[in-house]
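# Geometric and topological summary
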Amino acid sequence: MLWKTLLVAWACGVVMHFLYRPLGQPRFLRALFPVSENVWEHFKMAFWPLCGAMAFVGVQTARPWASVAAAAAAASVYAMLMMFGLFYTYVVGLGAGRCLLWVDILSFAAVMTSGYLIGLRVLSYDIPVLWGGAAAALLVLAVVLLHRLSFDCPDLPMFREGGL
């Protein structure tokens, strides 16, 4: 079950990348699907599938809500930070100077896998309710930012087309 859940999360992330335009670019889906080719928008490809995977596994294994919230927060925030770091490491740090599709695909698979494994590890602990509440608040903040910054983003490289 665990690897099937990861495969579904991978597939969801990939499909999300290509759905927004064919669906007619509805405004209400901007917080869910990447709407342009920038680093920020690609966070959605990891955030939503990993949160869903942690919720699914948490329900299937009857874990407490605080553990599920902490696992979802750990997996998705880790994935978002790693996507950012890997992208700018190879584009700027290693001098590629632009996005490379094959590197993006491999890094997405690696980030999703490692984020999922981190989430599973956190899910195995009995997280105190206070920490679960903090994790849930972090997830809500991430959702608000994913929504808000999809409509009104600052002029920073991670929000620009191509990430530069």
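Please refer to the structure placed before this passage.
Residues numbered from 1 in each chain as written. Predicted model: local features only at pLDDT ≥ 70, side-chain atom pairs only at ≥ 80, totals over all residues. Heavy atoms only, no water.

This paragraph deals with the pattern of salt bridges. Pairing between side chains of opposite charge can happen when the charged atoms of each approach one another. In this structure the tally under the stated criterion is 4 salt bridges. Among the ionic pairs, Asp152 bridges to Arg148, the shortest N-O distance being 3.4 Å. Looking at Arg148, the relative accessible area reads 46%, which means it is partly exposed. Between Asp155 and Arg160 there is a salt bridge whose closest N-O contact spans 3.0 Å. Residue Asp155 is classed as exposed on the basis of its relative accessible area, which comes to 62%. (Salt bridge = Lys/Arg side-chain N within 4 Å of Asp/Glu carboxyl O. Buried < 20%, exposed > 50% of the residue type's maximum accessible area, 1.4 Å probe, protein only.)

Ranked by size, the top nonpolar core spans 44 residues in total, and within it Trp40, Phe43, Phe47, Leu50, Met54, Tyr116 and Met158 carry the most contacts. Elements supplying a minimum of two residues to this core: helix H1 (2-19), helix H2 (39-60), helix H3 (65-93), helix H4 (101-123) and helix H5 (129-151). When residues of this core are assigned to their parent elements, the largest contribution, 15 residues, is made by H3. Dropping the residues within four chain positions of it, Phe43 is found in contact with Met80, Met83, Phe84, Leu146 and Met158. One finds Met16, Tyr20, Leu29 and Val35 within the second-largest nonpolar core, a separate group that totals 5 residues. (Core = buried A, V, L, I, M, F, W, Y, C linked by side-chain atoms within 4.5 Å. Helix = DSSP H or I, 4+ residues; strand = E, 2+ residues; numbered from the N terminus. Contact = heavy atoms within 4.5 Å.)

Right, let's get into the packing of H2 against H4. It is the contact of H2 with H4, at a shortest axis distance of 10 Å, that shows an interaxial angle of 35 degrees. Read as a crossing pair, H2 and H4 show a hand that is right-handed. Contacts between H2 and H4 pair Met45, Ala46, Pro49, Leu50, Ala53, Met54, Val57 and Gly58 from the former with Phe108, Met112, Gly115, Tyr116, Gly119, Leu120 and Leu123 from the latter. (Axes fitted to C-alpha atoms, helices over the stretch in contact; angles between N-to-C directions. Left-handed = near helix turned anticlockwise from the far one by under 90°.)

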